[in-house]
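# Remarks on the overall topology
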Amino acid sequence: MLVLTRKLGESIVIGNNVRITVLDLQGKQIRLGIDAPPEVSVHRGEVYERIEAENRAAAQVGERDLKQLSRALKTRKP
Amino acid sequence: MSQDGEIRFTNVRFGEVAVPPDRIVTFPNGLPGFERCREFAILEDEESAPFYWMLSAENPRLAFVLIDPFLVWPDYTPRISRDDLKSLSIAKQEDALVYAIVTLSREVKEVTANLSGPLLINAANRTAKQLALLDDRYTTKHRVLHGGS
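A few points on the structure. Note that the coordinates shown come from a computational prediction; the quantities given were computed from them, not determined experimentally.

It is worth spelling out the nonpolar core at this point. Counting residues in hydrophobic clusters, the biggest one holds 35 residues, and the most contacted among them are B:F51, B:V65, B:I67, B:V102, B:L104, B:A113 and B:V144. Sorting the residues of this core by element identifies helix 2 (67-74) of chain A together with strand 2 (15-19), strand 4 (39-43), strand 5 (51-56), strand 6 (63-67), strand 7 (96-103) and strand 8 (112-122) of chain B as the ones contributing at least two each. Among residues more than four places away in sequence, those in contact with B:V102 are A:A58, B:F51, B:V65, B:L66, B:I67, B:V111, B:T112 and B:A113. Core analysis: the next-biggest nonpolar cluster, separate from the first, contains 19 residues, B:L31, B:I42, B:L62 and B:A128 among them.

Here it is as structure tokens:
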């Protein structure tokens, strides 16, 4: 991992079009400003990891078919 | 019937399937956990409705189950940012399609849908991305047969 030290107001640039700026420091909290083009997704790490874990679970479809589930949903009470 | 432009998919579940181009979606960045899988076919079949199968073009073993979340949770209101719309070049609201990924389980009652990571698709150009909503109302596990909870 590349480790850089930055001061308040300083930034780092990733590639040609992503800039991350240290906006504020308060105790253990750091506010970062991120400038990135819309096609670059920016996520909080823990949120991304939660989605990733759920995708891995969802990919375990195995041999299951959807017949029973489909029937259960169609006949559920409103 | 075979049409021009159909794309052949091989999937362990369905074998070889010919998919019309309008059923293909491209995730330019893949999906979290499956970043290299970019092309998928979204298919409906009578037995699975109202669920859909989303099959990977790159990995014949990879398949997801999707559902239209508004069907189960009519009050679902994912906040989709302007940047998300822009990143897929979605110009009109009608072009924005939203699906939720379903996690199956041995018990149908335990089947859940991920409402905090919906798929957003531009119906006009078939590009897509998975969002990660910052919204306390939604989690990655909402029981499908207990709509609303």
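Glancing now at helix 2 of chain A. Among the residues of helix 2 of chain A, A:L69, A:S70 and A:L73 are the ones counted as buried. Axial view of helix 2 of chain A: buried residues confined to an arc of 100°, hence all on one face. Looking at helix 2 of chain A, the residues exposed on the side facing more than 90 degrees away from the buried face are A:Q68 and A:R71. Among the structural elements, strand 5, strand 6 and helix 1 (69-72) of chain B are those in contact with the buried residues of helix 2 of chain A.

Turning our attention to unusual backbone geometry. Residue and element names in this part refer to chain B. Geometrically, the link from A49 to P50 is a cis peptide bond, its omega value of 5° lying close to zero. Within the fold, P50 resides in the loop between strand 4 and strand 5. At S89, a residue that is not glycine, the phi angle is positive and equals roughly 55°. Relative to the assigned elements, S89 resides in the loop between helix 2 (82-87) and strand 7. Phi at R126 is positive, roughly 60°, even though this residue is not glycine.

Parameters at a glance
- Residues numbered from 1 in each chain as written.
- Chains lettered and ligands numbered in written order.
- Predicted model: local features only at pLDDT ≥ 70, side-chain atom pairs only at ≥ 80, totals over all residues.
- Heavy atoms only, no water.
- Core = buried A, V, L, I, M, F, W, Y, C linked by side-chain atoms within 4.5 Å.
- Buried < 20%, exposed > 50% of the residue type's maximum accessible area, 1.4 Å probe, protein only.
- Helix = DSSP H or I, 4+ residues; strand = E, 2+ residues; numbered from the N terminus.
- Contact = heavy atoms within 4.5 Å.
- Arc of directions from axis to C-beta.

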